[in-house]
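# Working through the structure, step by step
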Amino acid sequence: MIPSGDNLKAVAFDFDGVVADTMPMLSRLGRGVIQMYYDAPRHAASDLYWKTVGLPFIDQLEECFGANDSRNAIAAEYFESRKRDLMAEAQPFPDIQRLLLGLAAGSIRTALCSSTRSSLIEDFCKKNKLPFIWLGGIEHGKKHTQLLKFLRICGLSSQQTLFLGDSIDRDASFADKAGVPFAHVDRERRIIAELIEKYAS
């Protein structure tokens, strides 16, 4: 839900699946890691990955297999090392640059909040010339903590901000914890088109 009138002052974007077209390759990687380290069948591994998507991968594993499973740390380390390699091939969605330019023209601040490591986000944004004013990452805490930090930096209230995420369960929960309105980015990216029409047409 987009804040009404001229009340929208900032938009926070989830990274994977909203800004970066990474979810197909990350889901394949996550499924493969779960198959390899936990002997899970392909279908079950895929279900486990998607059931917990939106969390840092180590948290996904702990939720699926328990926090004390000795396989978690090595499996998460392998996932993160492969993710670094894959990120070199990742591309932004074609509509993101236009939306960011439109928001900037309207003095609407933008941020990335993500469970991805900050260094990968920074490299991706620099390579693709994406003008976010603040880049979060897992080093800043979970996404609701990142959202609250962004609000403090900008001096904004939660109701002046919109969080865009592709996980209708996890991302909506993070937004709710921060008291920030949430909009789901579905496969057709209808909310992105709506924002472009309003702010970048």
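Data block above holds the structure.
Residues numbered from 1 in each chain as written. Predicted model: local features only at pLDDT ≥ 70, side-chain atom pairs only at ≥ 80, totals over all residues. Heavy atoms only, no water.

## Digging into the side chain of S118
So the rule is basically this: For helices the rule is a DSSP run of H or I covering at least 4 residues; for strands it is a run of E covering at least 2, with both sets numbered from the N terminus onward. Think of a polar contact as two N or O atoms within 3.5 Å of one another; within protein, one of them needs to be a possible hydrogen donor and the other a possible acceptor, and neighboring residues in sequence only count if both atoms come from side chains. Should any heavy atoms of two residues lie within 4.5 Å, those residues are considered in contact.
Relative to the helices and strands, S118 resides in helix α6 (residues 118–128). A polar atom in the side chain of S118 sits 2.9 Å from the side chain of E139. When sequence neighbours within four positions are dropped, the list of residues in contact with S118 reads G136, G137, E139 and H140.

## Details of the sheet that holds strand β2 (residues 109–113)
Rules: Any two strands with at least two DSSP-identified bridges between them are counted as paired. Note on method: axes are straight lines fitted to C-alpha atoms, helices fitted across the in-contact stretch only, with angles between N-to-C directions ranging 0 to 180 degrees.
Strand order in this open sheet of 5 strands is β3-β2-β1-β4-β5, and the pairing throughout is parallel. Across the chains shown, the open sheet's two edge strands, defined by having one partner strand only, are β3 (134–135) and β5 (182–184). Relative to β2, helix α7 (residues 143–154) is tilted by about 155 degrees, and along the sheet it contacts β1 (10–14), β2, β3 and β4 (161–165).

## Some thoughts on the packing of helix α4 (residues 72–87) against α6
Applied cut-off: Each angle receives one of four descriptions, namely roughly parallel if under 35 degrees, roughly antiparallel if over 145, roughly perpendicular if within 65 to 115, and oblique otherwise. Polar here means any residue other than Ala, Val, Leu, Ile, Met, Phe, Trp, Tyr, Cys and Pro, which are nonpolar, and Asp, Glu, Lys and Arg, which are charged; Gly is therefore polar.
Put simply, α4 and α6 touch, their axes get as near as 11 Å, and they point 5 degrees apart. It follows from the interaxial angle that α4 and α6 lie roughly parallel. Along the contact surface, α4 presents K83, R84 and M87, while α6 presents L120, F124 and K127. Looking at the contact of α4 with α6 residue by residue, the classes come out as 3 nonpolar, no polar and 3 charged.

## Brief notes about the environment of C64
The topology assignment puts C64 in helix α3 (residues 57–65). In sequence terms C64 and K9 are 55 residues apart; their C-alpha atoms lie 38 Å from each other.

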